[in-house]
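Here are the chains, one letter per residue:
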Amino acid sequence: MTGEDNAAAALLSISGLTKRYGSTTVVDGLALDVAEGEFVSLLGPSGCGKTTTLQMIGGFVRPDGGRIRLGGRDLIATPTSKRGLGMVFQSYALFPHMTAAANVAYGLEVRRTPRGEIAGRVARALDLVGLSAYGDRYPRRMSGGQQQRVALARALVIEPRVLLLDEPLSNLDANLREEMQTELRRIQHRTGTTTVLVTHDQSEAMALSDRIVVMRGGRIEQADTPERVYGRPGNRFVAQFLGKTNLFAARIADGRVSLGDTGWQAPAGAPDGPVTLAVRPEKVRLSQTGLPGRVGERTFQGGRWLVEMDTAHGLVLMETPNYGPPPPREGETVRIGWQDGDLHLLFEGAPA
Amino acid sequence: MTRFLRRLDPAPLLLSLPAGLILGLFLLLPLLATALLSFRSYSLYTGIEPVLELGNYLEIFGDGYFLEIFLRTARIAALATLLTILIGAPEAIILMRMRAPWRGLFLLVALGPLLISVVSRTLGWALLLGSTGVVNTALMAAGLIAEPIRFMYTEWGVTVALAHVLLPFMIISVMTVLQRLDPQVENASHALGAGGVTTFRRVILPQLLPGIFAGSIIVFAMAASAFATPQIIGGRRLKVVATLIYDEYLFSLNWPLGAALALLLFAIVIVVAVGFNRLAESRFARMYG
Amino acid sequence: MSRRNGPWALIFHTLFVVFMLAPILVVCVIAFTPEGYLSMPTDGLSLRWFRALWNNPDFVSSFRVSLALGAASASAAAAVSIPAAIAITRCDFPGRGAFLALCMSPLMVPSIVLGVAFLRFFSQIGLSGTLVGLTLSHVILIVPYVLRTIMNSLGSLDAALNNASASLGAARWHTFRRITLPLILPGVASGWILAFITSFDEVTMTIFLAAPETTTLPVRLMLYIEDSIDPLVAAVSTVLIVMALAVMILIDRLFGLDRILTGAPDRDGKP
Ligand SMILES: Nc1ncnc2c1ncn2[C@@H]1O[C@H](COP(=O)(O)OP(=O)(O)OP(=O)(O)O)[C@@H](O)[C@H]1O
Ligand SMILES: [Mg+2]
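Computed from a prediction, not measured in an experiment: that's the story for all the values here. (Residues numbered from 1 in each chain as written. Chains lettered and ligands numbered in written order. Predicted model: local features only at pLDDT ≥ 70, side-chain atom pairs only at ≥ 80, totals over all residues. Heavy atoms only, no water.)

1. Let's talk about the confidence of the model for chain A
Residues and elements named next belong to chain A. Rules: Per residue, pLDDT captures the predictor's confidence, and it can take any value from 0 to 100. Working definition: helices are DSSP H or I runs of at least four residues, strands are E runs of at least two. Numbering for both runs from the N terminus. Contacts are residue-level and defined by heavy atoms, with any inter-residue pair within 4.5 Å sufficient.
The pLDDT averaged across chain A works out to 90; a share of 96% of its residues lies at or above 70. Between the elements of chain A, mean pLDDT differs from a low of 49, seen in helix 1 (residues 3-9), to a high of 97, seen in strand 3 (residues 39-43). Confidence drops under a pLDDT of 50 for residues 1-7, and excluding neighbours within four residues, the segment shows 4 contacts in the predicted structure.

So this is what it looks like as structure tokens:
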């Protein structure tokens, strides 16, 4: 598929998007296509430009360069109020002097939707987020999770072409956050609204998205399905940002990868030279023949154990389910290994 | 070009236009005109002459009469400021230490008078301490004094009344600073074994000083340019700069001289305020930096 | 400041309260004297001086002038201060600092200087002694107070509310009318009241500007006192004090007096 084709298929198409504050470039030539109905997450460390990107799409920050198109229409030249996007803010930004129902109705009233229609649509939106009984409440008298749902209903009721969410769950406690993740996923499936979510929580991004866009320093590091971003990270940064990972400095020579005295068949076409091997902790297993290591810290996490092991190639982290015999004790010497297929090669210099 | 125009948001310009126009036209222009007027000359027969000269300023600086009034004004303003510090700073601490119903009530007592006309508040002092006032009548009736205590037309009378009128500003300034203070600091000092006096001198007072400084600037500026209080208590017999300006304008009709006096007063107030502010900033910069 | 006040502090405090209230109370008491001269009403209270005040057309008309002037200038000041406050707190434009300084500058200029400046300026542009001229001068005097209270309310509003409204399709004016204005209304109201009372009490500047038919109540009182001090002025002052008390209670009920007078920001931005 060529870039042109992709752009034609995409609902939201961003290219060369750039924003500078003074001499620092906060978003740097960002290009991204979002297809109709897709759920895309922008994931990255604090300050990497996620919010800025979202705000440029929403129309709250003016880009210094690049294009944003929605269904072929130039968005940058369109005022915020005419973009027809739904936005949920980190602070929710509910209007404190209006009830939940009035908050939801606001966008419809602004659009001069007939009165009779408004009541029905507000009721359906509140029902969608499970707040049918709370229409008369003022935001101040609602819990964080409920406010969050009102904000979502308010953004969805105008049937936006794209829904923009800026860390919508970060103000909720851990349990509620998980509950809302499921809820968000369910609602998005039901409405089929194209969604762009900003988060710095990798598990949230993986749980919700069709595609994850990993950002660093205003640029895209990798954009792919959660499985591929996690299992086939494009570089060390992505590998380390999405969950824990073990990295080893290895070499490729004569079509073989070698790490110490063990070796594997290198993938076809891999160039000779240094390479970084990445193995996820849950792929590490005790084995009869593998790498010898001494058990260090063991951490019990309920459903699983995390075991640190000191090996000739550095510290190795093993994650093992809390099932069967308990993992080896601190100080024991064991051998560890993994399936060849679970080994992932990163070509960009050895780990430090 | 269109790109540039699109970037130049007209909203802030339109929003600030009404206030900007009114203040620019009706504040800056009259002040500039007054500055110009102060260089004109005036004579009883020809009125204001369209010349530009320093005559009015030379007259003010050369005449002991004016100098005396300026000095008196400074003395009264400084003493009134001192009085507000001595009364206002401790009272602000006391108010901050009060509990629920009392604090609200006494805040009304301390700050509420700001909402009462200065004329009424000053009149109260005249009725209280005037020669036929409540206090003098009572003391003389009791045979405690033969002559009434002199309050009206005295410097101390004007000073006390001004301190009373301006006290709320000092209390507000000190309280604003106190509100930012961490109550734990005081407790920490006591926990470290410091007594009440030491704690006050070493811990509370240094933190209070910025508030006292800020309050002093406000009080001094307002006292030095006060008109109503010196006019009622001091009258024609005990002039200060403001009442002098009033007389020049409305009785002598020498507007150019009045304008020069007003500008001098303005300049002195600004210089003292800015000077004190600089001093305060350099002194407290590290504390709040 | 968690420690309690000791006995010395309470003695000091009592003296302070006496100092603050004595001149105010003495005015209110003398106003009720039945005598024709200044005296404490030792044998019974009388309303004769309030009746005299009621029948004094000069004071009554001055009272009306003051009310009209206060209401007009407070409203005009609010009308120009709301957009100015929005520009200062919400927009980033060249000259923003200078504009704020300009709006606050009347606080720096002594009233007596404003008085003489306006006296000449208004006589040159034909506004001397008019209610329009007086209103203009009062607007300039009170803009800083109104602006500061409105800026405080705006500052405590979540800026995302504006963005939320825009993203829902509302134009700027609509957002202002339905979101911003209702939320800053308490701030605007307290600014208006503060401005009204400041204008109502103003004497130093106004005494230069008022014509006989536009003389405000405090100026009339001041001019009367220059001639003679009799129980009538005590009666006028009592009316002023009672009015101030009413305003005080109103402000305190609505917003908390200390917050308004010290210009502290809202406790929370929500109504
Ligand atoms: N108005 C502004 N002026 C100057 N710098 C800004 C402004 N807004 C954002 N920045 C800077 O731009 C960078 C990116 O900000 P942004 O808010 O997009 O980050 P983010 O990825 O959303 O981070 P977080 O996860 O902390 O929310 C940051 O370094 C920030 O300091
Ligand atoms: Mg962010």
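2. Some words on the side chain of T175 of chain C
We count it as follows: Buried, partly exposed and exposed residues are distinguished by accessible area as a fraction of the type maximum, computed with a 1.4 Å probe on protein chains only: under 20%, between the cut-offs, and over 50%, respectively.
Along the chain, T175 of chain C falls in helix 8 (residues 172-201). The exposure class of T175 of chain C is buried, given its relative accessible area of 6%. Once residues within four sequence positions are removed from consideration, T175 of chain C is found in contact with Y106 of chain A together with N162, S165, A166, A170 and T180 of chain C.

3. What to know about a nonpolar patch on the surface
Worth spelling out the cut-off: A patch consists of residues exposed above 30% relative accessible area that lack any salt bridge, with like charges linked at up to 9 Å and nonpolar side chains (Val, Leu, Ile, Met, Phe, Trp, Tyr) linked at up to 5 Å. Areas reported here follow the Shrake-Rupley algorithm with a probe of radius 1.4 Å; residue values treat only the protein chains shown as occluding. We define a salt bridge as a side-chain nitrogen of Lys or Arg found within 4 Å of a carboxyl oxygen belonging to Asp or Glu.
On the surface, a cluster of nonpolar side chains totalling about 300 Å² of accessible area is made up of L14, L17 and L21 of chain B. When you line up the elements, L17 of chain B lands in helix 2 (residues 11-37).

4. Examining the interface of chain A and chain C
Definition in use: Once two parts are joined, some of their accessible surface, as seen by a 1.4 Å probe, is lost; buried area is that loss totalled over both. Polar contact is defined as a pair of N or O atoms within 3.5 Å, subject to the rule that within protein one atom must be able to donate a hydrogen and the other to accept it, and that residues adjacent in sequence are counted only when both atoms are side-chain atoms. Amino acid classes used here: Ala, Val, Leu, Ile, Met, Phe, Trp, Tyr, Cys and Pro are nonpolar; Asp, Glu, Lys and Arg are charged; the rest, including Gly, are polar.
Residue-level contacts link 22 residues of chain A with 21 residues of chain C. Contact between chain A and chain C buries roughly 1900 Å² in total, counting both sides, with carbon and sulfur atoms accounting for 65%. Summed over the shared surface of chain A and chain C, the result is 1 salt bridge. Residues R178 of chain C and E109 of chain A are paired through a salt bridge, measuring 2.8 Å at the closest nitrogen-oxygen approach. Between the two partners, chain A and chain C, sit 5 residue pairs in polar contact (both at pLDDT 80 or more). Per-class residue counts for the side of chain A that touches chain C are 12 nonpolar, 6 polar and 4 charged.

5. As for the nonpolar core
Condition: Here, the term nonpolar core denotes a set of buried Ala, Val, Leu, Ile, Met, Phe, Trp, Tyr and Cys residues that are joined through side-chain atoms within 4.5 Å.
Counting residues in each nonpolar core, the largest one holds 246 residues, and the members touching the most others are L12 and L152 of chain A, W125, I171, I245 and Y249 of chain B together with F208 of chain C. When neighbours within four sequence positions are excluded, I171 of chain B is seen to be in contact with G88, E91, A92, L95, A110 and L111 of chain B together with F16 of chain C. Judged by nonpolar contacts, the second largest core, of 24 residues, contains V275, V279, V284 and L291 of chain A.

6. Brief notes about the sheet that holds strand 12 (residues 256-259) of chain A
All names here are of chain A. What counts, and what does not: In this scheme, strands are said to pair when DSSP sees at least two bridges between them. The axes used here are C-alpha line fits, helices contributing only the stretch in contact, and every angle between their N-to-C directions lies in the interval 0 to 180 degrees.
Ordered by their spatial adjacency, 5 strands build an open sheet running 13-12-11-14-19, and the pairing between neighbours is antiparallel. At either margin of the open sheet sits one strand with a lone partner, and together these are strand 13 (262-265) and strand 19 (344-346). In this sheet, neighbouring strand axes are inclined to one another by 40° on average, regardless of whether the strands run parallel or antiparallel. In terms of strand pairing, strand 14 (residues 273-279) meets strand 19 through 3 bridges, oriented antiparallel.

7. So, the sheet that holds strand 18 (residues 333-337) of chain A
Residue and element names in this part refer to chain A. The strand order 17-16-15-18 describes an open sheet built from 4 strands, whose pairing is antiparallel. The open sheet has two edge strands with one neighbour each: strand 17 (314-321) and strand 18. Neighbour-to-neighbour, the strand axes of the sheet open up by a mean angle of 50°, direction not taken into account. In this sheet, strand 17 lies alongside strand 16 (residues 304-311) in antiparallel orientation, the contact comprising 8 bridges.

8. Things to note about the packing of aromatic side chains
Filter applied, for reference: Two aromatic rings, drawn from Phe, Tyr or Trp (for Trp, its six-membered ring), form a pair once their centres lie within 6.5 Å of each other, and the interplanar angle then sorts them: stacked below 30 degrees, edge-to-face above 60, tilted otherwise. A ring has a charge above it when a Lys NZ or an Arg CZ is no more than 6 Å from the ring centre and no more than 35 degrees off the ring normal.
One pass over the structure, following the stated rule, counts 26 aromatic pairs over all chains. With a centroid separation of 6.4 Å and 25° between ring planes, the pair formed by W102 of chain B and F106 of chain B is classed as stacked. Taken together, the residues span about one helical turn, with W102 of chain B and F106 of chain B both in helix 5 (residues 100-111) at a distance of 4 residues. We classify W102 of chain B as exposed; its relative accessible area is 52%. The exposure class assigned to F106 of chain B is buried, which follows from its relative accessible area of 16%. Residues F32 of chain C and F50 of chain C carry aromatic rings whose centres are separated by 5.0 Å and whose planes lie at 45° to one another, so their mutual orientation is tilted. With F32 of chain C in the loop between helix 1 (7-30) and helix 2 (48-54) and F50 of chain C in helix 2, the pair connects residues that are 18 residues apart, well separated along the chain. Positioned above the aromatic ring of F237 of chain A, the side-chain terminus of R216 of chain A is 4.3 Å from the ring centre.

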